[in-house]
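# Architecture and fold: a report
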Amino acid sequence: MLSLRSPLLIFSDLDGSLLDIHTYEWQPAMPWLDKLQDNQVPVILCSSKSAAEMLDIQQDLGLEGLPFIAENGAVIQPDVRWEMGQRHVNGMTHREIHPLIEQIRLQAGFKFTTFDDVDERVISEWTGMTRYRAALARKHDASVTLIWRDSDEAMARFEAALAQRGLKCLQGARFWHILDAGCGKDVAANWLIAQYRERENIEPTTLGLGDGPNDAPLLDSVDYAVVIKGINRQGITLRDDNPSRVYHTRQAGPLGWQEGLDHFLS
């Protein structure tokens, strides 16, 4: 059992985890968010979303100023107190990745639609987000988000073509995400944990929560993990799924998020 009195860092996915996958509501998680804030436990959002989206969501959740990890680890926002300047973009930028993907699509004829192919109205229809939030979702710094419309066999060839160009493809709860092969939620989380050790002079215990395949590296890299019941047919496969370390929730979304914290912290 974990304690709110010991140094603790919580890394949380958003869509399908802290946010309901359909409605984007987080209210069931509010009692825990308030309790964590009262005990000065950082909740570090860790998502495939853009930094622009995450800054907006941080305001909604009362988490302004805390670090966050955007675009599956390709973008890191340090704590505002650390005076480290602007957010870090790791590896290739969106401006570099986008033409490489277009080149692959042109050469091989793969069927997919990226956020760059459509406007915020279409993204709003796909996701149920407001037009404003959908516009923020298009502001990628270091990745490309797409809907895959081709076969599993074509995906294998697409991934091989990406790897030749130093890129990788991650499956989220709803979309696929292309980013620099050297990036990841685990890499970004480990970098932030090192910053907390150095700047806050603490040895933190870490807890991660997520629901999609792209959360597996994060959940494998933390001390304790909550696998939230998700909509993805593949689920999450972890290297160490020991029940003493990993809890699988019965509820989905923010209810599952609450359930996971109840398990480890109540």
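Residues numbered from 1 in each chain as written. Predicted model: local features only at pLDDT ≥ 70, side-chain atom pairs only at ≥ 80, totals over all residues. Heavy atoms only, no water.

Per an unreviewed UniProt entry, the chain carries the name Mannosyl-3-phosphoglycerate phosphatase-related protein and comes from Enterobacter nematophilus.

### Some thoughts on the sheet that holds strand β7 (residues 143–148)
Here four strands make up an open sheet; going across it, the order is β6-β7-β9-β8 and the pairing antiparallel. Edge positions in the sheet fall to β6 (112–114) and β8 (167–171), since each has one partner strand and no second. Neighbour to neighbour, the strand axes of the sheet diverge by 30° on average, direction disregarded. With three bridges connecting them, β6 and β7 associate as antiparallel partners. When the sheet's bridge partners are listed, Thr114 is paired in β7 with Leu146. Across the face of the sheet, helix α6 (residues 152–164) comes into contact with β6, β7, β8 and β9 (176–180) while running at roughly 140° to β8. (Pairing = 2+ DSSP bridges. Helix = DSSP H or I, 4+ residues; strand = E, 2+ residues; numbered from the N terminus. Axes fitted to C-alpha atoms, helices over the stretch in contact; angles between N-to-C directions. Contact = heavy atoms within 4.5 Å.)

### A look at the packing of aromatic side chains
Applying the stated criterion to the full structure yields 10 aromatic pairs. Geometrically, the ring pair formed by Phe112 and Trp148 is stacked, given 6.0 Å between the ring centres and 15° between the ring planes. Here Trp148 lies in strand β7 and Phe112 lies in strand β6, a separation of 36 residues in the sequence. Judged by centre distance (5.1 Å) and plane angle (80°), the ring pair of Phe115 and Phe175 falls under edge-to-face. Residue Phe115 is located in the loop between β6 and α4 (120–127), and its partner Phe175 is located in the loop between β8 and β9; the two are separated by 60 residues in the primary sequence. Following the ring pairs from residue to residue traces out a cluster consisting of Phe110, Phe112, Trp148 and Phe158. Above the plane of the ring of Trp32 lies Lys35, whose end atom (NZ or CZ) is 4.6 Å from the centre. (Phe/Tyr/Trp six-rings, centres within 6.5 Å; stacked < 30°, edge-to-face > 60°. Lys NZ or Arg CZ within 6 Å of the ring centre and 35° of its normal.)

### Considering the pairing of β8
Consecutive residues of a regular strand have side chains that alternate between opposite faces of the sheet. Where burial is concerned, most of β8 is hidden: four out of the five residues are buried. As defined by bridge partners, β8 adjoins β9 across five bridges and the pair is classed as antiparallel. Among the inter-strand pairings, Leu170 is bridged to a residue of β9, identified as His177. Two successive antiparallel strands, β8 and β9, enclose a turn made up of four residues. (Buried < 20%, exposed > 50% of the residue type's maximum accessible area, 1.4 Å probe, protein only.)

### Digging into the environment of Thr113
Residue position: Thr113 is located in strand β6. Taking relative accessible area as the criterion, Thr113 reaches 16% and is therefore assigned buried. Separated by 36 residues in sequence, Thr113 and Arg149 place their C-alpha atoms 7.5 Å apart. The contact partners of Thr113, leaving out residues within four places of it in the chain, are Arg105, Val118, Trp126, Thr145, Leu146, Ile147 and Arg149. Of note is the side chain of Thr113, whose polar atom sits 2.9 Å from the side chain of Arg149. (Polar contact = N/O pair within 3.5 Å; in protein donor to acceptor, adjacent residues only side chain to side chain.)

### Quick word on the side chain of Ser47
The residue Ser47 is located in the loop between β2 (43–46) and α2 (51–61) in this model. In contact with Ser47, not counting residues within four places along its chain, are Asp13, Leu14, Met54, Ile69, Ala70, Glu71, Asn72 and Lys185.

### Quick word on α2
Looking at α2, one finds that the buried residues are Ala51, Glu53, Met54, Asp56, Ile57, Gln58 and Leu61. Buried residues belonging to α2 abut α1 (30–38), β2, β3 (68–70), β4 (75–77) and α5 (131–137). Remark: Gly62 follows α2 within two positions and exhibits a positive phi of approximately 75°.

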